[in-house]
Amino acid sequence: WGSLGHETVAYVASNFVSSDTTSFFQTILHNQTDSYLAGVATWADSFRYTAAGRFSAPFHFIDAEDDPPTSCGVKYSRDCPVEGCIVGAILNYTTQLLDPDLDAVNRNIAAKFVIHFIGDIHQPLHDENLDRGGNSILVTFDNVQTNLHHVWDSNIPEKLVGGYSLPDAEKWATALTAAIKTGVYKTDADSWLEGVDLRDPVSTSIKWAEEANQFVCQAVLPEGKDAIVGKELGGAYYEAAVPVIELQVARAGYRLAQWLDLIAAGGK
Ligand code: DCM
Ligand code: DCM
Ligand code: DCM
Ligand code: ZN
Ligand code: ZN
């Protein structure tokens, strides 16, 4: 996701975590404001473009070697290479956060990675190998040249919300939070937490990846790549994608809240 998606996921999570979790992560992140999660949600994207952070670039996605739209699916053993992937990164940095001996600097970094990667794993094209997660599929969006990955990361969310500032994210998160508590997601939200096991971050997060990857076949490339290449996606394509993006951002925020609650409780 672009900054809007990541910051919205973080604000949704802030709206659902317990007060103990808020204090726990405000201390780790050295931020006592309501934006303690949103304020660091995009740190991992800046870090990966630095020399010191290059190693973390593969941690933002898992390149599922499936065959959309005919066949979708993610397999950890097949799709997570030695240099790492988002599922392995969620395992690694969650495990670090559960180590009572971890120093404050690395605890701060691990928290920032977990907050970011639970967002990215819900972006369908972060769970897809085809054309580097859609980065090589050139399209236009409202007459501007871009690529399919960027359309899902940023163009669609920003057109929906009307901007990408921190207040825009907070506003979108308020709407998604209401949808979870009393609106369209109310009956389903509990089921979003099924299968979550802090002691098994791989099985937990591969389920999130599998679920998001199914949308590559259903919503991202329903008629295959050739139906998308060079096309204008700001119209009917945008309209069809919006409900998927809203659902995935809401799920990511709600799941991040529970994951942070479990970490703050020390796995007890
Ligand atoms: N990005 C950034 N710095 C750059 C180039 C791009 O922060 N020098 C941003 C653009 C997108 C985001 O990274 O908003 C995409 O990353 P991801 O989807 O992995 O979060
Ligand atoms: N950004 C964004 N949406 C835009 C433009 C920028 O999410 N339409 C984000 C991506 C980067 C940051 O803002 O994280 C800075 O972007 P840039 O270097 O393009 O100004
Ligand atoms: N990306 C992805 N899958 C890949 C390669 C990249 O999901 N196989 C994502 C990471 C960023 C965006 O695409 O969100 C752009 O990546 P980069 O700046 O590395 O081209
Ligand atoms: Zn992306
Ligand atoms: Zn990322």
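Remember, predicted model here, so these are calculated numbers, not experimental data. Numbers given for residues are sequential positions, taken from 1 along each chain in its written order. To read the labels, note that chains go from A and ligands from 1, taken in the order they are written. The predicted origin of the model limits local features to residues at a pLDDT of at least 70 and limits the giving and counting of side-chain atom pairs to 80 or more, whereas totals for whole chains, interfaces and linings rest on all residues. Side-chain numbers come from the whole structure's heavy atoms, not from hydrogens or water.

Asks: Can you help me understand unusual backbone geometry in this one?
Replies: The phi torsion of most residues other than glycine is negative, and most of the peptide bonds are trans. P69 follows P68 through a cis peptide bond whose omega is 5 degrees. Checked against the element boundaries, P69 lands in the loop between α3 (43–47) and α4 (76–79). Positive phi is not limited to glycine here, since D142 has a value of about 50 degrees. Mapped onto the secondary structure, D142 falls in the loop between β1 (138–141) and β2 (144–147). Given a relative accessible area of 37%, D142 falls into the partly exposed group. Helix and strand assignments come from DSSP, with helices taken as H or I runs of at least 4 residues and strands as E runs of at least 2, each series counted from the N terminus. Each residue's exposure class comes from its accessible area (1.4 Å probe, protein chains only) as a fraction of the maximum for that residue type: buried when under 20%, exposed when over 50%, partly exposed otherwise.

Asks: Help me understand the confidence of the model for the chain in this model?
Replies: Low pLDDT marks regions whose predicted coordinates should not be analysed in detail. The share of residues in the chain with pLDDT of 70 or more is 99%, and the mean pLDDT across the chain is 98. Interface scoring of the predicted complex returns ipTM 0.85; its pTM is 0.95. pLDDT is defined as a per-residue confidence score from the predictor, taking values between 0 and 100.

Asks: Is there a simple way to think about the coordination of the zinc ion (ligand 4) in this case?
Replies: Metal coordination angles in their ideal form are 109.5 degrees for the four-donor tetrahedron and 90 or 180 degrees for the six-donor octahedron. Protein coordination of the zinc ion (ligand 4) is provided by H126 (NE2), H149 (NE2), D153 (OD) and D153 (OD), with donor distances spanning 2.1 to 2.5 Å. Considering all six donor atoms around the zinc ion (ligand 4), the spread of angles at the metal, 56 to 168 degrees, places the coordination shape in the irregular class. Because water is not among the atoms used, a metal site may look incomplete, as its donors are only the N, O and S atoms within 2.8 Å, or 3.2 Å for Na, K and Ca. Sequence positions of the residues that donate to the zinc ion (ligand 4) give the spacing H-x22-H-x3-D. The distance between the zinc ion (ligand 4) and the zinc ion (ligand 5) comes to 5.6 Å. Here H126, found in the loop between α6 (104–120) and α7 (130–134), pairs with D153, found in helix α8 (residues 148–161); they are 27 residues apart in sequence, far enough to count as distant. In these descriptions, tetrahedral denotes four donors with every angle between 85 and 135 degrees, square planar four donors and octahedral six donors with opposite donors over 155 degrees apart and the rest between 65 and 115, and irregular any other case.

Asks: Is there a simple way to explain the coordination of the zinc ion (ligand 5) in this structure?
Replies: Distances from the zinc ion (ligand 5) to its protein donors, namely D45 (OD), H60 (ND1), H116 (NE2) and D120 (OD), fall within the range 2.0 to 2.7 Å. One chain supplies every donor to the zinc ion (ligand 5), and in sequence these donors are spaced D-x14-H-x55-H-x3-D.

Asks: Please explain the pairing of β2 as it appears in this structure.
Replies: Strand residues, when the strand is regular, have side chains that alternate between the two faces of the sheet. At least two bridges found by DSSP between two strands is the condition for calling them paired. Where β1 meets β2, four bridges bridge the pair, whose relative direction is antiparallel. Bridge pairing links F141 to V144 in β2. Hairpin connection, β1 to β2: the antiparallel pair is bridged by two residues, and D142 has positive phi, about 50 degrees.

Asks: Would you mind showing me how to read the site of ligand 3 here?
Replies: By nearness alone, every residue bordering ligand 3 is listed as R48, Y49, F61, D63, L125, H126, R132, N135, H149 and D153. Two N or O atoms count as a polar contact when they lie within 3.5 Å, although within protein this holds only if one can serve as hydrogen donor and the other as acceptor, and sequence-adjacent residues are included solely when both atoms are side-chain atoms. Separating an oxygen atom of ligand 3 from a side-chain N or O atom of H126 is a distance of 3.3 Å. D153 has a polar side-chain atom sitting 3.4 Å from an oxygen atom of ligand 3. Surface accessibility in these figures is a Shrake-Rupley result with a 1.4 Å probe; residues are shielded only by whichever protein chains are displayed. In isolation ligand 3 has 440 Å² of accessible area, and contact with the protein removes 78% of it. The cutoff for a nearby residue is simple: one of its non-hydrogen atoms must lie within 4 Å of the molecule or strand.

Asks: It is not clear to me how the side chain of S56 should be interpreted in this structure. Could you clarify?
Replies: Relative to the elements of secondary structure, S56 occurs in the loop between α3 and α4. Since its relative accessible area comes to 0%, S56 is described here as buried.

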